[in-house]
Amino acid sequence: MDEILNVVTAGHVDHGKSTVIGRLLADTQSLPKGKLESIRRKCLQNAKPFEYAFLLDALKDEQAQGITIDSARCFFKTEKRHYILIDAPGHIEFLKNMVTGAARADAALLVVDAHSGVEENTRRHGYFLSMLGIRQVAVLVNKMDLVDYRQSVFERVQAELTEFLSKVSLTADAFLPVSGVRGDNIAAPSPNMPWFHGKTLLEQLESFRPGEAPTEGAFRMPVQDVYKFTEYGDDRRIIVGQLESGRLRAGDKLIFYPSGKKATVKTLEGFRQQPPECFEAGQSAGITTDPEIYIRRGELACKQGETPPAVCVRLRANIFWLGKDSMQEGKKYLFRYGSAKIPCKIEKIEYVADASSMTGMMRTYVERNEVARCILALDYPAALDTVRAHPAASRFVLVDDYEISGGGIVMERLTDYQFDIRNIRWSAAGDAAENGNRQLLGHDSLVVWMTGRSGSGKTTIAEETRRRLQQAGIVSVILDGDNLRRGLNEDLSFTEEGRMENIRRTAHVARMMAQAGLVVLVTLITPYEKAREKVRALIPERRLEVYVKADYETCRKRDPKGLYHKAAQGEVPHFQDSHGRFEEPASPDIVLDTAHETEESCVQALFSNILSICKGEL
């Protein structure tokens, strides 16, 4: 019996979560022998009424007969499976459990006091369950003994909570009338509620379906560090991290995001122990690769051929805020996801909702205990999973002034400035040849090929990006089409043949400059897809294709060089920007839409991506 089901228990304070859990442990004979009698005797000696909730406090530091209880988790088993019950006693504890992974629950129990009814934390925790992507939920209407087991009370609570949960896109699998104190409908049907014909709590737990085992998911391992033991004569680079999902064996082919570097697992390494033949989810792993590659903490190791993570610098997220100061639009925070720590800005707060009342508002700040949908702009690209692709791995936290102040769920990556890092290829030879240049210059080389119509903003963006790269210590150069036409390529025409040769020569120069360790910003219109294919063939590695996007009418209105006007007068016969003569790139790595986004946002997006790739600052 290896099946495990993780269940989170939530609800308003004093609604009886601990009592329900304690009674469940007692009625399923999951307690250590003599523990129940021992607690009863202590209560009698201290003239205190016995409560099943005392069982949890008494067992916090105890491990015996297969049961362990700490401040957040309770373990017990039935003939069918093992259970881990995760308590969510308050907002901060709930967030901490979510961040550490303890609340990666398959199902949830939402406890409501029948006498008090639906209260603030009931609604708030219901909203949290929805945000966390937990879809198996049973509502326990507890303390039915205090309302004389009246069906009307149960149905009133059921109706009120059903209406609220529907607003947060959550549907309860079942509503169960129970009494933790009396044991009604906990492990056995209650004779006090003959009007109820549903399952007991134990039966409901047994009916829940366990989620996909972490070992069966796509391989994910955030890189924690890279070790070298040179003082012991071991010059290997050992990449270490903890597997979040999947399995890992020697010979597996990996790709690291967001850098896009590829390698094969050469050996598995253990710390002061013999390594296993296979690492599995939950285990800490060390590996060496062939070839040896240079990566940093914060990269995400994945397997080639499996579903890749999203790589982006802008994302939409649901955030619940717990900070002492309000979350502000435009303010910088630290985005923590896996082992990555990335400065970010709240670009836009799209919607704010009070999690208890579900009233919504449009404003530029989020107060404590409120939930908001926001757009985040990261300083560097992040490799992450969305809630639709991988709910348990879509969670992150925001740090404000060294304190965890908010938690969030990645809803979607945004297409603006989004790129597929799989198009950036890296080779062992490139790593080896440029290692010396990296040591000297302090960064990797890169060719940034910027294509787009005349007037789209290629040169303007490149010049400001180069200035910021210089401030960041990255040596870069711009190969501008106009300047090249006045020198190296002055003998070439503007016919299709002339343009192709212009691009061929420029690509060769850019490749040689990159081999010398520079970041090369190329600003050529490159209007034809076959020309861009030529560039990809000549620069197969360390290349970033950027489409500076602006439609014909926008560029014609800008017309900074007067070319559109001259073309209309017939003075520029081979002008490529007439209708239909510019072929949009099929799959660029980055799209900078200058017709709809500001110059600043475009520059920042390009600068952040280059900085991340060349310095690995994650």
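Thresholds, definitions, all that
- Sequence order as written defines the numbering, with residues in each chain counted from 1.
- Whole-chain, interface and lining totals are the exception, using all residues; otherwise, since this is a predicted model, local features are given only for residues with pLDDT of at least 70 and side-chain atom pairs are given and counted only at 80 or more.
- Only heavy atoms go into the side-chain values, all of them from the structure, while hydrogens and water stay out.
- Here a helix means four or more residues in a row that DSSP labels H or I, a strand means two or more in a row labelled E, and each is numbered from the N terminus.
- Classification of residues uses two cut-offs on accessible area relative to the type maximum, computed with a 1.4 Å probe and protein chains only: under 20% is buried, over 50% is exposed, and between them is partly exposed.
- Per-residue accessibility takes into account occlusion by the displayed protein chains alone, with areas from the Shrake-Rupley method and a 1.4 Å probe.
- A pairing counts as a salt bridge when a side-chain nitrogen of Lys or Arg comes within 4 Å of a carboxyl oxygen of Asp or Glu.
- Strand pairing requires that DSSP identify at least two bridges connecting the strands.
- Axis definition: a line fitted to C-alpha atoms, over the contacting stretch in the case of helices. Angles run 0 to 180 degrees between N-to-C directions.
- Here, the term nonpolar core denotes a set of buried Ala, Val, Leu, Ile, Met, Phe, Trp, Tyr and Cys residues that are joined through side-chain atoms within 4.5 Å.
- Between two residues, a contact is recorded if the distance between any of their heavy atoms is within 4.5 Å.
- Any pair of Phe, Tyr and Trp rings, taking the six-membered ring for Trp, is counted once the centres come within 6.5 Å. Such a pair is stacked with planes under 30 degrees apart, edge-to-face with planes over 60 apart, and tilted for the rest.

S.K.: How should the overall build of the chain be read in this particular structure?
M.R.: The helix and strand tally for the chain stands at 15 helices and 30 strands. By residue count, 54% of the 618 residues in the chain fall in the buried class. Surface exposure of the chain reaches about 27,400 Å², of which carbon and sulfur atoms provide 47%.

S.K.: Would you take a moment to explain the pattern of salt bridges for this structure?
M.R.: Pairs may arise between side chains of opposite charge once their charged atoms sit close together. Evaluated as defined, the whole model comprises 23 salt bridges. Among the salt bridges present, the one from R314 reaches E347, with a minimum N-O distance of 2.6 Å. Taken together, the residues R314 in strand β17 (residues 310-321) and E347 in strand β20 (residues 340-354) connect sequence positions 33 residues apart. Look at R314 and you get buried, because its relative accessible area is 7%. Measuring nitrogen to oxygen at the nearest pair gives 2.2 Å for the salt bridge that ties R363 to E370. In this pair, the class of R363 matches that of E370, namely buried. Each of E464, R467, R468 and E600 takes part in one network of salt bridges that share partners.

S.K.: I keep staring at the sheet that holds strand β13 (residues 261-269) and nothing clicks. Help me out?
M.R.: Whether parallel or antiparallel, the strands of a sheet pair through hydrogen bonds between backbone atoms. Here we have six strands rolled up into a closed barrel, ordered β9-β10-β15-β13-β12-β16, and antiparallel in their pairing. Averaged over all pairs of adjacent strands, the angle between strand axes in this sheet comes to 50 degrees, irrespective of strand direction. Both strand β12 (residues 253-257) and β13 contribute to a ladder of four bridges, which runs antiparallel. Paired with L254 across the two strands is A263, which belongs to β13.

S.K.: Got a minute to help me understand the nonpolar core in this structure?
M.R.: Side chains that are nonpolar tend, in soluble globular proteins, to be buried together. Grouped together as the largest cluster of nonpolar side chains are 65 residues, with contacts concentrated most on V139, L161 and L205. For L161, the residues in contact, after removing those within four places along its chain, are L110, V112, V118, T122, V139 and F175. Formed by 51 residues, the second largest nonpolar core is a distinct cluster that contains Y337, L384, I461 and F607.

S.K.: Hey, could you run me through the sheet that holds strand β26 (residues 446-451) in this one?
M.R.: Pairing in this open sheet of five strands is parallel, and the strands run β27-β28-β26-β29-β30 from one edge to the other. Bordering the open sheet on either side are β27 (476-480) and β30 (590-593), each of which pairs with just one other strand. Looking at each pair of strands side by side, their axes are set apart by 20 degrees on average, direction ignored. Sheet topology places strand β29 (residues 543-549) next to β30; four bridges connect them, and they run parallel. Across the sheet, V546 pairs through a bridge with I590, a residue of β30.

S.K.: Looking at this model, I keep getting lost on the packing of aromatic side chains. Mind explaining?
M.R.: Two descriptors summarise a pair of aromatic rings, namely the distance from one centre to the other and the angle between the planes of the rings. For the coordinates displayed, the defined rule picks out eight aromatic pairs. Both rings, one in F76 and one in Y83, keep their centres 5.0 Å apart while their planes meet at 10 degrees; by these two values the pair is stacked. Exposure remark for F76: the relative accessible area of 4% places this residue in the buried category. With a relative accessible area of 0%, Y83 lands in the buried category. Measuring from ring centre to ring centre gives 6.2 Å for F154 and F196, while their planes differ by 70 degrees; the resulting arrangement is edge-to-face. Here the residue F154 occupies a position in helix α6 (residues 151-167), and F196 occupies one in the loop between β8 (174-177) and α7 (201-207), the gap between them amounting to 42 residues.

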